[in-house]
Amino acid sequence: MNEKFWAQVEETFFEAVELPKEARTTFLNQVCAEWPEIQREVESLLQHEAAAKQLNPSAVVAAAAELFTEDESGLIGTVVADKYLIRSCLGTGGSGEVYLADHIALDTPFALKRPKTPLGSDPQYRKRFVQEARRAVLLKHDNVARVHDVIDVGEDVFIVMEYVEGTTLRTRLDDRGRPFTTDEFLPIATQCAAALAAAHEKHLVHLDVKPGNIMLTPAGQVKVCDFGVARRLSADTGGDTTCTSKADWTFAGTPAYMAPEVILSHQFDERADLFSLGTVFYEMLTARNPFTADTPVATTARVVWSLPNRHFRHLATPPCTRSPLLTAGDPLQKAARPELGTRVLNHLLDLGWFT
Amino acid sequence: MVARQEELTRLLQAWRDGDRAALDQLTPLIYGELRKLARFHMSREAPGHTLQATALIHEAFLKLIDIEGVDWKDRRHFFAAASQIMRRMLVDYARKKRSIKRGRQLKRVPFEEAIAQPAGLPAPVDIIAFDQALTRLAAADARKAEVVEFWFFGGMTVEEIANTMDIGATTVRRDMEFAKVWLARELGINTHE
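Residues numbered from 1 in each chain as written. Chains lettered and ligands numbered in written order. Predicted model: local features only at pLDDT ≥ 70, side-chain atom pairs only at ≥ 80, totals over all residues.

Draft legend 1. Representation of the confidence of the model for chain B. Residue and element names in this part refer to chain B. Summarising the model, chain B shows a mean pLDDT of 69, and 53% of its residues fall at 70 or more. Averaged pLDDT values over the elements of chain B bottom out at 35 in helix H5 (residues 111-114) and peak at 95 in helix H9 (residues 169-187). Counted against residues more than four places away or in other chains, residues 43-51, with its pLDDT under 50, gives 12 contacts. Note on residues 100-121: pLDDT is under 50 here. Beyond four places in sequence and across chains, it has 43 contacts. Quick note on the complex model: pTM equals 0.50, ipTM equals 0.71. (pLDDT = per-residue confidence, 0-100. Helix = DSSP H or I, 4+ residues; strand = E, 2+ residues; numbered from the N terminus. Contact = placed C-beta atoms within 7 Å.)

Draft legend 2. Representation of the environment of Thr217 of chain A within the structure. Residues and elements named next belong to chain A. Note that Thr217 resides in the loop between strand S8 (214-216) and strand S9 (222-224). Separated by 51 residues in the primary sequence, Thr217 and Gly166 have C-alpha atoms spaced 4.3 Å apart. Among all residues touching Thr217, those that are not within four sequence positions of it are Val164, Glu165, Gly166 and Lys223.

Draft legend 3. How the structure looks around helix H5 (residues 123-135) of chain A. Residues and elements named next belong to chain A. Helix length check: H5, at 13 residues, gives a terminal C-alpha distance of 18 Å against a target of 18 Å (1.5 Å per residue), a fit within 8%. Listed as buried for H5 are Tyr125, Phe129 and Ala133. Mapping the buried residues of H5 onto a view down its axis gives an arc of 65°, with all of them on the same face. Projecting away from the buried face of H5 at angles above 90 degrees are the exposed residues Pro123, Gln124, Lys127 and Gln131. (Expected span 1.5 Å × (residues − 1). Buried ≥ 20, exposed ≤ 12 C-beta atoms within 10 Å, placed from the backbone. Arc of directions from axis to C-beta.)

Draft legend 4. Quick look at the sheet that holds S9 of chain A. Residues and elements named next belong to chain A. With antiparallel pairing, the three strands of this open sheet are ordered in space as S7-S8-S9. Unpaired on one side and paired on the other, strand S7 (167-168) and S9 mark the two borders of the sheet. Judged from the three bridges that link them, S8 and S9 form a sheet pairing that is antiparallel. If you follow Ile214 over to S9, its bridge partner there is Val224. Helix H7 (residues 182-201) rests against S8 and S9 of the sheet, and its axis sits at about 35° to S9. (Pairing = 2+ DSSP bridges. Axes fitted to C-alpha atoms, helices over the stretch in contact; angles between N-to-C directions.)

Draft legend 5. Layout of the packing of helix H7 (residues 142-153) of chain B against H9 of chain B. Residues and elements named next belong to chain B. At a closest axis distance of 9 Å, the pairing of H7 and H9 adopts a crossing angle of 90°. By the angle between their axes, H7 is roughly perpendicular relative to H9. When H7 is examined against H9, the residues Arg143, Lys144, Val147, Val148 and Trp151 are found in contact with a partner set consisting of Val172, Asp175, Met176, Phe178 and Ala179. (Parallel < 35°, antiparallel > 145°, perpendicular 65-115°, else oblique.)

Draft legend 6. Focus on unusual backbone geometry. Residues and elements named next belong to chain A. The backbone of Asp226 sits at a positive phi, close to 75°, despite the residue not being glycine. Phi angles above zero are rare outside glycine, and Ala287 is one such case at about 65°. Its place among the elements puts Ala287 in the loop between helix H10 (271-286) and helix H11 (296-304).

Draft legend 7. Region of interest: the nonpolar core. Ranked by internal contacts, the top residues of the largest apolar core, which has 64 residues, are Leu112, Ile159, Val160, Cys192, Ala195, Val224 and Leu277 of chain A. Here this core spans two domains, since at least three of its residues come from each of domain 2 (64-162) and domain 3 (167-350) of chain A. Beyond its immediate chain neighbours, meaning those up to four positions away, Ala195 of chain A contacts His141, Asn143, Val144, Val222 and Val224 of chain A. Listed in part, the 52 residues of the second largest apolar core include Ala52 and Leu55 of chain A together with Ala94 and Phe130 of chain B. (Core = buried A, V, L, I, M, F, W, Y, C linked by C-beta atoms within 7 Å. Domains from an automatic or database assignment.)

What follows is the structure, encoded as structure tokens:
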């Protein structure tokens, strides 16, 4: 496009656009008699005069809003497995992203989790991951956020979970900034223990029990989330640590709730969950995590070397912390750790709180 | 934070002095801040709290750059940097989003069907197509393309553009009008009149 042509088009356009619509053709026929290309170009531009009104900075802003707010993955608005329409992102974290999706036929909301795991790199790992997640589908309990399905599509695996409205125990703890009273503590603690008891009965180990995975509904119900997507899954096969352990650590986040045997070895069982739950209980009753240090490594060291913060060693124990249930979270008393969630649950029930 | 500010200031100055590569390094630094701000603005659902490009880009920069400490001989470099970074970021992001390959079971449904637009925001423009059309416009008429870049990506007003580019406000308005029609044609935007 040469400059002269462009300048003439512009000039002719502005002359024509001043005229009433019906006068434009006559005008163009006159001035462009010898320049049919210019006439065609100006006519084509004039046809878009009304459409141009839609084009303004807010259209770019709208596009920016769409791009920047939540759709980091490009999944919003897509349909997964012909069934779930992804509506929005509920959250992203170290272990993956969680989306709110509608089951199209049932018109019911679900939470779809896309775990951040090295799925692509190792087909065996991927297979095990999907198998393990599918086992969680068998777990049905009022205090467990139900896993409905595991979808393996191309590059991604999606865990279809019950959509729970509420806040996490993490948020609740942060908002309060002070210990739970016994009356506040017991209903939550009992339901957490009941969830673990039900899982352990099916030989499902959670391995990532922490306040961020415990949802509290407005009605006071507890839902333990993320069964079947535990991050340490890769570790149980041994010999594999060089390729997966680093990735594990990067999305493991804080080790402040992990049992020492989970950190140190691949030998662990249901008791690891009870250590984690005990640590959560400690935090609820004292408003502090017993192991958290300035860095994840320092925290890990405290867990591994059984060195809870000095603060906790001489804790003026509220009555219910004397219960054996809390030894679950006390690394100094590993041997005395109750073996099953059921035992913890019974202790709680013995304390006089009945559902 | 201070170190980051210094780094940003240094990169912006390098870019002003002609170092094209500086913009590549600037973009990721600004990007995080911009996204955080966009989230913040979008989370306010009250009517009237629509996202403003001006607010976004300026806030992002002002938060990151110690403007008092910057030797800005003219505002043009600042605004030009802001507009270009915004444009580039949006395009890169839109590209990345488009290129994410999905399994066969994933299919796209029109965005309008999937999500109601937040109140006050019009239908979003196709950023990639818009960017390409704007590049073609720049080849034909660099000034008009620059006006559009300031206007659309920098969130600047007619007066700000006129002052920054050292041209008359009438010229800016004229450029805007013509460029809009031209871009609408290039983008195939139609109305049912």
